Amino acid sequence: MNAALVRSITPSMTQTEIDQLCINTIRTLSIDAVQQAKSGHPGTPMALAPLVYTLWNRVMRFDPKDPIWPNRDRFVLSNGHASMLLWSVLHLTQTQAVDADYEALGKASVSLDDIRHFRQLDSRAPGHPEYHWVSGVETTTGPLGQGVATSVGMAIAQKWLASRYNRPGFEIFNYNIYAVCGDGCMMEGISSEAASLAGHLGLDNLCWVYDNNHITIEGHTDITFTEDVAARFLAYGWNVLRVGDANDIDRIERAFETFRKTPGRPTFLVLDSHIGYGSPNKQDTPEAHGEPLGDEECRLTKRSYGWPEEAKFYVPDGVYECFEAGLGARGASARQEWVKLFAAYRAKYPDLAVEIDLMQRRELPTGWDRNLPVFPADPKGIAGREASGKVLNVLAQNISWFLGGSADLGPSNKTTLTYPGAGSLQADSPGGKNLHYGIREHSMAAIVNGLSLSKLRAFGASFFIFSDYARPAIRLSALMELPTILVFTHDAMGDGEDGPTHQPVEHLVSLRAIPGLVLLRPGDANEVVEAYRYIMQLRHEPAVLALSRQPLPTLDRSKYASASGVAHGAYVLADDPGGKPEVILIASGSEVSLAVEAHEKLLAEGIRSRVVSMPSWDIFDHQTKQYRDSVLPPDVKARVAIEQASTFGWERYVGTSGHTIGMNTFGASAPLKELQRKFGFHPDEVVAAAKNQLGRK
């Protein structure tokens, strides 16, 4: 730190006093923001201000002038309710705003006015950290545990990037990931899943700081949480450290030094703190957690800090300069050195440099879709999961930074990358393309988010029924506008005998309800190919694929429409020869071939039928009205939808007078053909429904 610069502004103060001035600025900005908003969580920012000051101003490599520099250290505030910690430090460091096109906007990411309007509409200081909304926020954190789980994905990504791109004399990627968490994060199951995997992988670039304050909303943690957390992390294989006083910034700094020097293990730092530190009447109480202190308690607390009691949103002289001399100077120097290094790297390894450029912009390499399979017509067909596996193996060879895996179901999901050299990502082989998440669906989805936030193109996989376990992280990927991919197989009743616990019914409509999420349920192998072709070109939307376990007939595309119609979400697959249908059959996934079979029966009886394959409601709804009306002519009211899932929502396409063949109950345990007959998924049932729509027998 350029201490001379700071002391020129505050000549009468020692460095210790300047440090304390900065810490108390973070505290009081947080107190004032919460009080003015009449909403928020002041206690944790008051307790952890010394930690955040130390980490940012003494330890992290982060350049506020370029907050998306690829080799920056990452900071994740997993206990996101303490967001004023982040807004305060982003403001005091004058971190610059960057837009969605990665262009600097020439203004601070978080202004003092944003802090004055904490939790208010359009403020860049919302109630929880929001990625893609505020520069300097590495991931959205609201639900507890999501942040730390996502940080594991970030740490895996750094290891993978270093393995692929670093060369002797060129450490292009060597950053660390720091995540702050609390008792709530430790109680949530997702953190245990993620910590277990991080320990297995020996992620020594990852440090979690556990705010051990013993307080939650309902009271002292001993009413629910009496385990030995440190012992748990030792059992996971982590390096466990402890700092007994959250105000001791020198000991905190030494703990981070120990983290950086400890190979082969992630670090778990237990930090003993006092929630609401300095509040005479609310320190160490639940009241300090989730409500404003109150005007009088604000004054008393400021008095305990030696702060002007009536001052609000006060940043004393020397505070901005202290951060500029610390983080600002150190981060700028580190980034400038990296830029020079990368220029030399580009000269020596131009192809790898181009890969990094493309990855950072979320673009695809030339020829990314070459050699994608084309499946010949086959009445016996191929399962959706089988077709998917073939596509994944092509994409992973064409796109160097495309990787992923399954929650212990790779052989069943068919997501294992089997081409020579794919390899498995393990502690001693961090460059492998196959990730083994273990039976940890929730953390798997969060880890995929962390990989995507690091600009890798990543996928996770499981059975569709277990999307329930992954859903919270899938929702966050949509909220963050990340191009993640979740491959879910066994999408309906194809696993038959496993019974209703393994037969998803409500899952399609549940995921369709998430704004910004693209869900595709392809109807044959060629639709699977086109679904991936569409997904891979997404830059700001996550995608879910719902694929069949059982073989589906591969349709004859010389007779029926091209599968490229998938890109429109729905398309006319088969039609009345005159193009004037009197009844429309709409289906997705495994029911598309059923609709085609019924269509042929109807045509044979002189009934003008049209089949619409609708793999994605979301994509179709974003098409022009002209296109949508060309597929589903408004004047054709006789409509039948067929889908082995909840009928909820299909009325938007069949209308109030249309009919849906679907599931209004859970499934049953029986062979697939028996289930199809029992629940009405049979050509004769579809034909009967179509005739009924037309008032015919």
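Residues numbered from 1 in each chain as written. Predicted model: local features only at pLDDT ≥ 70, side-chain atom pairs only at ≥ 80, totals over all residues. Heavy atoms only, no water.

Q: Explain the overall build of the chain to me, please; I cannot follow it from the model alone.
A: Looking only at helices and strands, the chain has 26 helices and 22 strands in total. Taken against the 2.2 N^0.38 rule, which gives 26 Å for 697 residues, the C-alpha radius of gyration of the chain at 28 Å falls within 12% of a compact globule. Projected onto its principal axes, the C-alpha coordinates of the chain cover approximately 95 × 60 × 45 Å. Burial statistics for the chain: of 697 residues in total, 61% are counted as buried. Summarising the internal contacts of the chain: among those between residues at least 6 apart in sequence, 76% fall at separations of at least 24. Per element, the accessible surface of the chain, about 25900 Å² overall, is 50% carbon and sulfur. (Helix = DSSP H or I, 4+ residues; strand = E, 2+ residues; numbered from the N terminus. Rg over C-alpha atoms; globule rule 2.2 N^0.38 Å. Buried < 20%, exposed > 50% of the residue type's maximum accessible area, 1.4 Å probe, protein only. Contact = heavy atoms within 4.5 Å. Areas by Shrake-Rupley, 256 points an atom, 1.4 Å probe, with all protein chains shown as cover.)

Q: Just to check I follow, could you spell out the layout of surface pockets for this structure?
A: Taking a probe equal in size to a water molecule and rolling it over the atoms shows the remaining empty space. Quantified by volume, the largest pocket comes out at close to 1000 Å³. Residue lining of the largest pocket: 44 residues in total, with I68, V98, D99, Y102 and S135 positioned closest to the centre. Secondary-structure elements contributing two or more residues to the lining of the largest pocket are β2 (96–98), β3 (104–108), α13 (319–348) and α14 (350–360). Taken together, the residues of the lining of the largest pocket sort by class into 22 nonpolar, seven polar and 15 charged. Each pocket or cavity is described by its volume, and for the second largest pocket that value is around 450 Å³. For the second largest pocket, the lining is made up of 17 residues, of which S593, L672, K673, Q676 and F681 are closest to its centre. Listed by contribution, the elements that provide at least two residues to the lining of the second largest pocket are β17 (551–554), α21 (592–604) and α25 (672–678). Per-element tally for the lining of the second largest pocket: the top contributor is α25, with four residues. For the lining of the second largest pocket, the class distribution of residues is seven nonpolar, six polar and four charged. (1 Å grid on protein atoms, 1.4 Å probe; cavity = no way out; pocket = protein on both sides within 12 Å on 5 of 7 lines; lining within 4 Å. Points joined across faces, edges and corners; volume = space filled by probe spheres on them. Nonpolar A, V, L, I, M, F, W, Y, C, P; charged D, E, K, R; others polar.)

Q: Mind showing me how you'd approach empty space enclosed by the protein here?
A: Evaluated as defined, the whole model comprises one cavity of 30 Å³ or more. Here the largest cavity defines a volume of roughly 40 Å³. Together, S467, D468, R471, H507, S510 and L511 line the largest cavity. Sorting the residues of the lining of the largest cavity by element identifies α18 (467–480) and α19 (507–512) as the ones contributing at least two each. Grouping the amino acids of the lining of the largest cavity by side-chain chemistry returns one nonpolar, three polar and two charged.

Q: So what exactly am I meant to see when it comes to the pairing of strand β16 (residues 543–546) here?
A: Residues of β16 alternate between two faces, with A543 and L545 on one and V544 and A546 on the opposite face, all of them buried. Inspection of the sheet shows strand β14 (residues 485–489) paired to β16 by four bridges, in the parallel sense. The residue of β16 that forms the bridge with I485 is A543. Note: strand β15 (residues 518–520) against β16, three bridges, orientation parallel. For L520, the partnering residue across the bridge sits in β16 and is L545. Traced from β15 through helix α20 (residues 525–536) to β16, the parallel crossover comes out right-handed. (Pairing = 2+ DSSP bridges. Right-handed = clockwise from strand over helix to strand, strands pointing away.)

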